[in-house]
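In case you want the letters, here they are:
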Amino acid sequence: MDIIGQLITSFIATAAFGVIFNAPKETLVKCGLVGMGGWIIYFISEKYTGEAVLATLGATLFVGIVSQELAKFYKTPVIIFSVAGIIPLVPGGLAYDTMRNFVEDDFLQAISLGAKVTLLSGSIAFGLVFSEVVNQLVRKIRGSRTLKV
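The rules behind each value
- Residues numbered from 1 in each chain as written.
- Predicted model: local features only at pLDDT ≥ 70, side-chain atom pairs only at ≥ 80, totals over all residues.
- Heavy atoms only, no water.
- Helix = DSSP H or I, 4+ residues; strand = E, 2+ residues; numbered from the N terminus.
- Buried < 20%, exposed > 50% of the residue type's maximum accessible area, 1.4 Å probe, protein only.
- Contact = heavy atoms within 4.5 Å.
- Areas by Shrake-Rupley, 256 points an atom, 1.4 Å probe, with all protein chains shown as cover.
- Lys, Arg positive; Asp, Glu negative; His and termini not counted.
- Charge placed at Lys NZ, Arg CZ, Asp CG, Glu CD.
- Salt bridge = Lys/Arg side-chain N within 4 Å of Asp/Glu carboxyl O.
- Expected span 1.5 Å × (residues − 1).
- Arc of directions from axis to C-beta.
- Axes fitted to C-alpha atoms, helices over the stretch in contact; angles between N-to-C directions.
- Parallel < 35°, antiparallel > 145°, perpendicular 65-115°, else oblique.
- Left-handed = near helix turned anticlockwise from the far one by under 90°.
- Nonpolar A, V, L, I, M, F, W, Y, C, P; charged D, E, K, R; others polar.
- Phe/Tyr/Trp six-rings, centres within 6.5 Å; stacked < 30°, edge-to-face > 60°.
- Core = buried A, V, L, I, M, F, W, Y, C linked by side-chain atoms within 4.5 Å.

Chemist: Can you walk me through the overall build of the protein chain in this structure?
Modeler: Along the protein chain, the regular secondary structure elements total 6 helices and 0 strands. Secondary structure elements in the protein chain, listed N-terminal to C-terminal, are α-α-α-α-α-α. The principal-axis extent of the C-alpha atoms belonging to the protein chain is close to 65 × 30 × 30 Å. The buried share of the protein chain, reckoned over its 149 residues, is 36%. Here the contacts in the protein chain between residues at least 6 apart in sequence split such that 65% fall between residues at least 24 apart. Summing over all exposed atoms, the protein chain offers an accessible surface of approximately 9,000 Å²; the carbon and sulfur share of this is 71%. Positive and negative charge centroids in the protein chain, built from 12 and 10 side chains respectively, lie 20 Å apart.

Structure representation (C-alpha cells):
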C-alpha cells in the first residue's frame, strides 16, 4: 500500500510542477509518469540498499533516458520531461534542514546534511549529463548501422 501512495503522490507532484513550469497540456500526463517512474526507482532502491546517492543516480538516469526518448517521439524539447521528472528527486527538505541547523548553531549536523545535499545534487546533475551521453552513443550507433545497410 505504501508504494501505491508513493506512485500517486509523485505523479501528482510532477504533473503539478509541469503546470507551474508551463509545460504543454498534452505533455502533463507524460511528465507525471516520468517523475513517478523516477521516484519509484529511487524509493525502492533507497529502501532496499540504504544508498540515497546511488538511488538518486539510478532514478535520474531513468528520468534522463526516458525524457530523451519521449522528446524524440513527441518532437518536444527534452527539458519539458527532464525538469518535471527530477522534481521528486531534488533534496529540498535536506537543504532546508541544513540551513535550519546552521541557524540553530548545530554546525556538525549542518555540515553533515550539507554534504549529503551536495552529493545528491551532484548525482542528479551527473545522471542527467550521463543520460545525454548515452543518447548520443545510441544515435551514433543507430546512424552507423543505417549507413552500412
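There's more to say after this.
Chemist: Is there a simple way to think about the pattern of salt bridges in this case?
Modeler: Close approach of charged atoms allows side chains of opposite charge to pair. A full pass over the atoms with the stated rule returns 1 salt bridge. Between E69 and K72 there is a salt bridge whose closest N-O contact spans 3.2 Å. Separated by 3 residues within a single helix, E69 and K72 lie in helix α3 (residues 52–74), roughly one turn from each other. Judged by its relative accessible area of 35%, E69 falls in the partly exposed class.

Chemist: What should I look at first to understand helix α1 (residues 2–20) in this one?
Modeler: For the α-helix, the turn length of 3.6 residues means that residues three or four positions removed from each other point alike. Over its 19 residues, α1 extends 27 Å from the first C-alpha to the last, a length consistent with the 27 Å expected when each residue adds 1.5 Å. All of the buried residues along α1 are Q6, S10, T14, A15 and G18. Across the axial projection of α1, the buried residues extend over an arc of 145°, all falling on one side. For α1, exposure combined with an orientation more than 90 degrees from the buried face picks out I12, V19 and I20. Against the buried residues of α1 lie α2 (28–49) and α4 (78–86). N22, located one to two residues past α1, shows a positive phi value of around 60°.

Chemist: Can you help me understand the packing of α3 against α4 in this one?
Modeler: When two helices pack together, their arrangement is given by the angle between their axes and by how far apart the axes lie. Orientation of α3 relative to α4, taken along the N-to-C sense of each, is 155°, at an axis distance of 8 Å. Between α3 and α4, the interaxial angle falls into the category roughly antiparallel. The two elements α3 and α4 meet at a crossing, and its hand is right-handed. Taking contact as the criterion, the partners of T60, V63, S67, Q68, L70 and A71 in α3 are, on α4, V78, F81, S82, G85 and I86. Class assignment for the residues of the contact of α3 with α4 results in 6 nonpolar, 5 polar and no charged.

Chemist: How should I be thinking about the environment of I111 in this particular structure?
Modeler: Tracing the backbone shows I111 in helix α6 (residues 107–148). Counting along the chain gives 52 residues from I111 to A59, while the straight-line C-alpha distance between them is 25 Å.

Chemist: I would appreciate a short explanation of the packing of aromatic side chains in the present structure.
Modeler: Here a ring pair, both rings aromatic, is described through the centre-centre distance and the interplanar angle of the planes. In total, this model carries 5 aromatic pairs according to the counting rule given. Relative to Y42, the ring of W39 lies with its centre 5.0 Å away and its plane at 35°, an arrangement referred to as tilted. Of the two residues, W39 and Y42 are both situated in helix α2; the distance of 3 residues between them amounts to about one turn of the helix. With respect to class, W39 is no different from Y42; both count as buried.

Chemist: What exactly am I supposed to notice about the nonpolar core here?
Modeler: A general feature of soluble globular proteins is that nonpolar side chains tend to end up buried together. Counting 21 residues, the largest nonpolar core has C31, W39, Y42, F81 and L89 as its most contacted members. In terms of residue count, the dominant contributor to this core is α2 (7 residues). Each residue touching L89, except ones within four places of it in the same chain, is listed here: G38, W39, Y42, T56, A59, T60 and I124.

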